[in-house]
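Notes for the structure review
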Amino acid sequence: MSASFVSPDVIRRLFAQAMSRMYRTEVPLYGTLVELVERINSQVLAQDPALAAQLLRNDERARLDEERHGAIRVGTPQELATLRRLFAVMGMYPVGYYDLSVAGVPVHSTAFRPLTAAALALNPFRVFTSLLRLELIEDEALRAQSAEILARRRIFTDDALALIEQAEREGGLSQADAERFVKQALETFRWHGDATVDLPTYHALHKAHRLVADVVSFRGPHINHLTPRTLDIDAAQAAMIEHGMAAKAVIEGPPRRACPILLRQTSFKALEEAVHFPDNEGGDAGTHTARFGEIEQRGLALTAKGRALYDQLLTQARDAGGAGSTGGDYGQRLQAVFASFPDDHDTLRQEGLGYYRYQLTDAGRAAPERVADLPAEVLVAAGLATADPIVYEDFLPVSAAGIFQSNLGGGEQRAYTAHANREAFEQALGAAVNDEFEIYERIQAESLAALRG
Ligand code: OOG
Ligand code: NI
């Protein structure tokens, strides 16, 4: 890379900061949420010096205050493929395939995020990106009308497109071009209070599925939430309720544990916002609910073996209350069922359930000859190396479905008989999605190799 180019990681950080500023002005409650999470995080760090030291050792402390994920929904393969190129300028690549149709949401998704330990440490910004599956709209005329509306819109500015092409052609962007790029890219994610369809069309789309209306009726794929990372989601959830936010009843994901795994999330309900519809002068003001707030706590990235156990236990807890149910005493059921998931790091590591990052301790650095030929587990046991949990950087389909559902209103449950269609998604994207397990495996292997470096 030429010395005059800024690193994609720096562009991503600028972009994440700009998104956060924009969303604060669009949804002031997001600002309140960020402050609440910051307060709880500093309390947790003050009360738990071991956790503070672990985050510092793992390059997670610095990124924490800026750490966010967002979500958008797009309508066409062309839009998705161009987003892929836009995110690549910022060092964000598609990881994972999520099929939400099984949960009654007519989309499939990926997450754009950085891939390497160094890039994640600088800024781990991720965007959960969904593609509407128009083929799941039953009404043929409405499907054709939606496709036509989507084909006409342009969600990227001309300057954004030109800068993407320039970055691809020249291999990067200068500082000044990077700043212009961030400003232009931001336009795609901005909220538009004026719909592009008239009110009757909006209602017809809404009837097909609220999500269809959300994607098809507007000029662009507005960012629908931006999520800060908390170190104690139970405390943050309680604080949300104290602040009068309409928090979701159930925290998605695993139960509270000594060793947090994967991802726990909760959200407050979508806001009802005034929308202007064309040809509706003097008519009732329309509204649309799409944007919401969310917080999350991240824990250990699980191996395929650990993930299979997680999926099995989650299903067990949900099915115990009637298929897929989170009603009744769900919290207690979840706790009880997850008692069979080991909850100390030595066991999790030794049973190959999670990924760890190894580093030499001072003692280890002072004894290179001992380190050279001892297995990692022996080094850890002897205090020559530490093994810290590698944080989960991805999403969970069942949780994502729960977040979608809670913002669609109760009556919106629909069953699609469609199957996952990863191939169609990747074809629309114009690339294969990266495998999350390979990424964690590589980060773990690199840390092991560096022990003997
Ligand atoms: C995305 C919902 C999923 C998460 O954190 O799992 C999500 C959406 O509503 O567009 O953001
Ligand atoms: Ni989210």
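Described below are features of the structure shown in this document. Since this is a predicted model, take the numbers as computed values, not measurements.

Reading the values: the criteria
Residues numbered from 1 in each chain as written. Chains lettered and ligands numbered in written order. Predicted model: local features only at pLDDT ≥ 70, side-chain atom pairs only at ≥ 80, totals over all residues. Heavy atoms only, no water. Near = heavy atom within 4 Å. Polar contact = N/O pair within 3.5 Å; in protein donor to acceptor, adjacent residues only side chain to side chain. Helix = DSSP H or I, 4+ residues; strand = E, 2+ residues; numbered from the N terminus. Contact = heavy atoms within 4.5 Å. Expected span 1.5 Å × (residues − 1). Buried < 20%, exposed > 50% of the residue type's maximum accessible area, 1.4 Å probe, protein only. Donors = N, O, S within 2.8 Å, 3.2 Å for Na, K, Ca; no water. Pairing = 2+ DSSP bridges. Axes fitted to C-alpha atoms, helices over the stretch in contact; angles between N-to-C directions.

Things to note about the site of ligand 1
- Taken together, His-69, Ala-71, Arg-73, Phe-128, Asn-224, His-225, Gln-265, Phe-292, Glu-294, Phe-395, Ala-400 and Phe-404 are the residues near ligand 1.
- Take Gln-265: an N or O atom from its side chain is 2.8 Å from an oxygen atom of ligand 1.
- In this structure, Glu-294 approaches ligand 1 through a side-chain N or O atom, which is 3.0 Å from an oxygen atom.
- Every element with two or more residues in the shell around ligand 1 is listed here: strand S1 (68-74) and helix H19 (397-406).
- Per element, the largest residue contribution to the shell around ligand 1 is 3 residues, and it comes from S1.

Let's talk about the side chain of Glu-252
- Inspection of the secondary structure puts Glu-252 in the loop between helix H12 (233-242) and strand S6 (263-268).
- At 2.8 Å, the side chain of Glu-252 and the side chain of Lys-248 are in polar contact.
- With residues up to four places along the chain from it excluded, the contact list for Glu-252 reads Leu-263, Arg-264, Gln-265, Arg-318, Val-398, Ser-399, Gly-402 and Ile-403.

Some points on helix H9 (residues 175-188)
- Between its first and last C-alpha atoms H9 spans 21 Å; for 14 residues at 1.5 Å apiece the expected length is 20 Å, and the two agree.
- For H9, every residue scored as buried is listed here: Asp-177, Ala-178, Phe-181, Val-182, Gln-184, Ala-185, Leu-186 and Thr-188.
- Tucked inside the fold, the buried residues of H9 contact helix H1 (8-26), helix H5 (77-89) and helix H8 (158-170).

A word on the coordination of the nickel ion (ligand 2)
- Listed as protein donors to the nickel ion (ligand 2) are His-69 (NE2), His-225 (NE2) and Glu-294 (OE); their distances from the metal cover 2.1 to 2.2 Å.
- Each donor residue of the nickel ion (ligand 2) lies on the same chain, and together they follow the pattern H-x155-H-x68-E. One end of the pair, His-225, is in strand S5 (residues 225-228); the other, Glu-294, is in strand S9 (residues 293-298), and 69 residues separate them in sequence. As far as the burial class goes, His-225 and Glu-294 line up, both buried.

So, the sheet that holds strand S4 (residues 126-132)
- Taken in spatial order, the 5 strands of this open sheet run S2-S3-S4-S1-S5, and their pairing is mixed. At either margin of the open sheet sits one strand with a lone partner, and together these are strand S2 (93-99) and S5. Strand-to-strand twist of the sheet, defined as the mean angle between neighbouring strand axes without regard to direction, takes the value 20°.
- Two elements, S2 and strand S3 (residues 107-113), share 5 bridges in a ladder whose sense is antiparallel. Counted as the bridge partner of Pro-94 is Phe-112 from S3.
- Sitting on the sheet, helix H20 (residues 422-429) touches S2, S3 and S4, and the angle it makes with S3 is about 55°.

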